[in-house]
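Listed below, chain by chain, are the residues.
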Amino acid sequence: MEKTKILLIEDEAAIADLLEYGLQKEGYSIQKAATSAEGLRRLELFQPDLLLLDWMLPDGNGLDICKKVTALYNIPIVMLTAKSDITDKILGLEFGADDYITKPFDLREVVARIRTILRRFAQANRTMNESQETIIQIREITINTSERLVHRNNELIDLTPKEYDLLMTLYQSKGKIFTRTELLDQVWGYDFVGDTRTVDTHIQRLRKKLQLGDLITTVFSIGYKFEKQVDG
């Protein structure tokens, strides 16, 4: 069986070596990079199943890489950083990160979080692949679930992986009212500690990109829902 591949972009050699040693012991295939440029090159060649990404790098920051990766690849991203402020955490999540680990960390926690994210990510992909409905039409919007692509009048809409997952979570339970916490749990896939504003931000972006603001509605003091009777 092919090993799960993890790309580690981290410029502190001691931390990188510790993570490499620990994750290899857990059976993962690891490649390392110490700069943004090297990391992006290895990303294309290695095709990892998960990206473990440092926030601060010598030639840039992890947020820039996060944006590029989420635009091109459908892989989970775990950010490593010394930043502990909740605003920084929210920023990382809004740029496409799936989880956030603050230095210093316990290697056992890193391994546990990686296992959880990979398991939930695989389950989400299986659920999507097993769905019989591969083409969804909502007014002028067409969703191809097998390719995770969304078009408006045949023009591709650039959704991030989290925006797409949020859209499908709402759509597949049309009429159901989701609290912000429920959406964080289902879309981001872990227990979020702190502000739920990241859901509001993603909803605003979805409305702007899809131009279907009347279908993704706000339920005052509760959360959001996708209105029924919207197909076609």
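What counts and how
- Residues numbered from 1 in each chain as written.
- Predicted model: local features only at pLDDT ≥ 70, side-chain atom pairs only at ≥ 80, totals over all residues.
- Heavy atoms only, no water.
- Buried < 20%, exposed > 50% of the residue type's maximum accessible area, 1.4 Å probe, protein only.
- Helix = DSSP H or I, 4+ residues; strand = E, 2+ residues; numbered from the N terminus.
- Pairing = 2+ DSSP bridges.
- Contact = heavy atoms within 4.5 Å.
- Axes fitted to C-alpha atoms, helices over the stretch in contact; angles between N-to-C directions.

Visitor: Could you give an account of the pairing of strand β6 (residues 77–81), with specific residues and numbers?
Guide: Burial runs high along β6: five of the five residues are buried. The two faces of β6 match: I77, M79 and T81 on one face and V78 and L80 on the other face are all buried. Strand direction decides the pairing type here: strand β3 (residues 50–54) and β6, joined by four bridges, are parallel. Of the residues in β6, the one forming a bridge with L52 is V78. Relative to strand β7 (residues 99–102), β6 runs parallel, the two being bridged by four bridges.

Visitor: Outline the sheet that holds strand β8 (residues 135–138), listing residues and values.
Guide: Spatially, β8-β9-β10-β11 is the arrangement adopted by the four strands of the open sheet, whose pairing is antiparallel. In this open sheet, the two edge strands, each paired with only one partner strand, are β8 and β11 (155–156). Bridge analysis of strand β9 (residues 141–144) against strand β10 (residues 149–152) gives four bridges, and the strand direction is antiparallel. The residue of β10 that forms the bridge with I143 is V150. The sheet strands contacting helix α6 (residues 161–171) are β8, β9 and β10, and the helix crosses β9 at an angle near 100°.

Visitor: Now, about the environment of L210: what can you tell me, with residues and values included?
Guide: Relative to the elements of secondary structure, L210 occurs in helix α8 (residues 197–210). C-alpha of L210 to C-alpha of L167: the two residues are 43 residues apart in sequence and 9.9 Å apart in space. Once residues lying within four places of it in the same chain are set aside, the contact partners of L210 are I141, V150, R152, I157, L167 and I216.

Visitor: Account for the sheet that holds strand β1 (residues 5–9), with residues named and values stated.
Guide: In spatial order, the strands read β2-β1-β3-β6-β7; together these five strands make up an open sheet with parallel pairing. Single-partner strands in this sheet number two, and they are β2 (29–33) and β7. On average, each strand axis in the sheet is inclined to that of its neighbour by 20°, with strand direction left out of account. Relative to β3, β1 is paired through four bridges, and the arrangement is parallel. Counterpart to L8 in the pairing with β3 is L52. Against the sheet, helix α1 (residues 13–25) touches β1, β2, β3 and β6, its axis set at about 170° to β2.

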